[in-house]
Amino acid sequence: MPDNFEARIDTYTARVDSALDRALPAESVSPERLHAAMRYAVLTGGKRVRPLLVYATGECLQIEPQLLDVPAVAIELIHAFSLVHDDLPAMDNDDLRRGKPTVHKQYDEATAILAADALQPLAFSVLANLENAPPDAAIQLVQLLAKACGSIGMTGGQSIDLAAEGMALSESQLEHMYALKTGALIHASIVSACLLCENLASDDFNALDDFARNIGLAFQIKDDILDVEGDTEVIGKPAGSDESQNKATYPALFGISASRKRCDDLLNNALSNLSRFGSSAAPLEWLARFIVERGR
Ligand code: GRG
């Protein structure tokens, strides 16, 4: 294996793609159209940042990749589910995702809703089938993911986001919404690997927990910056859609240079947690920098 994480990314993305392929029902299985839409939602592109965070945390804690496939797949299924819902006419009403038509454009709205509905229980089923893991790890992963995508996680954040359109939120209100909408699933990616590590010292857990919270917030602020500055071709979704929808975002409320500074501060806060792990945290450092510096 090459000894730097960047060189292993293709191996890890191929690994999670093939595990996702195996977890998803084949298109030939009835109901064929639903299964085709589920596969389209999951397997058509995506950076796989959340699975990469799972594997990178696993490298930091010396956990076997076979064990990490389970949370990596489950978290990516939940992420894909949330993107399908996020794009629906009742939510952000987007036609383009990952450079391709959104699921409701490629199929139809009812099929998109059902495909997302079916991806969520599939994620929990994958977690429930965890084998060769520490005692109670499966149930802890189910609880972690349930909280991260529920009403005090991603769904709650989306609800606050929709209600906040056109409103002047304070920085702490905005960051609370971001921590739920986007941060919760990023945080769960890192914590899921911690749950698979037997005898993890509480100080080490707290450091990774703080790393995860900082990088989760930075991820959404960077997403906002790319929506303002990015190119539709590169970001794979229409640039400028936040502004046209009057979304409460960091750049809209505080300006682009404050957004860049906040991202850099969050990156530095995140990285300050990694020194205790020495060189085994290099993959997490690489991913944190990628999250904040992509598109620069
Ligand atoms: C009921 C769990 C549930 C969800 C419905 C729609 C919704 C509630 C939540 C949406 C949450 C959401 C879409 C947040 C935005 C997060 C974000 C920045 C997504 C883009 O992630 P990338 O850049 O996408 O990792 P790729 O395409 O690379 O996978």
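Scroll up to find the structure.
Per chain, residues are indexed from 1 in the order of the written sequence. With pLDDT at 70 or above as the cut-off, local features in this predicted model cover only qualifying residues; side-chain atom pairs require 80 or more to be listed or tallied, and sums for whole chains, interfaces and linings still use all residues. Hydrogen atoms and water are omitted, and side-chain values are computed over all heavy atoms in the structure.

### Observations regarding the overall build of the protein
In step 1: A helix here means a DSSP run of H or I that spans at least four residues, while a strand means a run of E at least two residues long, and both kinds are numbered starting from the N terminus. When helices and strands are counted, the protein shows 15 helices and two strands.
In step 2: Each radius of gyration reported is based on C-alpha atoms, and the globular scaling rule is 2.2 Å times the count of residues to the power 0.38. The C-alpha radius of gyration of the protein comes to 18 Å, within 12% of the 19 Å expected for a compact globule of 296 residues.
In step 3: Structurally, the protein occupies a C-alpha span of about 50 × 50 × 35 Å along its principal axes.
In step 4: Considering only intrachain contacts with a sequence separation of at least 6, the fraction spanning at least 24 residues in the protein is 74%. The contact definition used throughout considers only heavy atoms, calling two residues in contact when any of these lie within 4.5 Å.

### Looking at the packing of helix α7 (residues 137–149) against helix α9 (residues 171–195)
In step 1: Between N-to-C directions, angles cover 0 to 180 degrees, with each direction set by a line fitted to C-alpha atoms, over the stretch in contact for helices. At a minimum axis separation of 9 Å, α7 and α9 run at an interaxial angle of 170°. Here α7 is positioned roughly antiparallel relative to α9, judged by the angle of their axes. Two secondary-structure elements touch here, α7 through A137, Q140, L141, L144, L145 and A148 and α9 through A184, L185, A188, V191, S192 and L195. Working rule for angles: under 35 degrees goes down as roughly parallel, over 145 as roughly antiparallel, 65 to 115 as roughly perpendicular, anything else as oblique.

### Thoughts on the site of the ligand
In step 1: For each residue, the test is whether any non-hydrogen atom lies within 4 Å of the molecule or strand; if one does, the residue is near. What surrounds the ligand is a group of 19 residues, the closest being K47, R50, H79, R98 and M154.
In step 2: Take R50: an N or O atom from its side chain is 2.7 Å from an oxygen atom of the ligand.
In step 3: Methods summary: accessible areas were calculated by the Shrake-Rupley approach with a probe of 1.4 Å, and residue burial reflects only the protein chains presented. When the free accessible area of the ligand is taken as 740 Å², the share hidden by the protein chains comes to 92%.
In step 4: Put simply, the parts of the chain that give the shell around the ligand at least two residues each are α4 (65–87), α8 (154–163), α9 and α10 (202–229).
In step 5: The residue classification treats Ala, Val, Leu, Ile, Met, Phe, Trp, Tyr, Cys and Pro as nonpolar and Asp, Glu, Lys and Arg as charged. All others, Gly included, are polar. Its residues assigned to classes, the shell around the ligand shows five nonpolar, eight polar and six charged. In protein, a polar contact requires one atom able to donate a hydrogen and another able to accept it; more generally it is a pair of N or O atoms within 3.5 Å, and residues adjacent in sequence count only if both atoms are side-chain atoms.

### Comments concerning α8
In step 1: The complete set of buried residues in α8 reads M154, G156, G157, Q158 and D161.
In step 2: The secondary structure elements touched by the buried residues of α8 are α4, α7 and α9. In this scheme, a residue with accessible area under 20% of its type's maximum is buried, one over 50% is exposed, and one in between is partly exposed, where area comes from a 1.4 Å probe on protein chains only.

### Side note on helix α3 (residues 49–60)
In step 1: The first and last C-alpha atoms of α3 sit 16 Å apart over 12 residues, in line with the 16 Å expected at 1.5 Å per residue.
In step 2: Of all 12 residues that make up α3, 11 are buried, and the element is covered over most of its length.
In step 3: Looking only at α3, the buried set comprises V49, R50, P51, L52, L53, V54, Y55, A56, T57, G58 and C60.
In step 4: Of the surrounding elements, those touching the buried residues of α3 are α1 (5–23), α4, α9, α10 and α15 (282–293).
In step 5: Two residues or fewer past α3, Q62 is found with a positive phi of approximately 55°. In this analysis, the expected span of each helix is defined as 1.5 Å times one less than the number of residues it contains.

### A closer look at the nonpolar core
In step 1: L77, L119, L145 and I215 are the most contacted members of the largest nonpolar core, which has 94 residues in total.
In step 2: Sequence-distant contacts of I215, defined by excluding residues within four places in its chain, comprise I186, I190, L267, A270, A288 and I291. Among buried residues, the Ala, Val, Leu, Ile, Met, Phe, Trp, Tyr and Cys ones that are joined through side-chain atoms within 4.5 Å form a nonpolar core.

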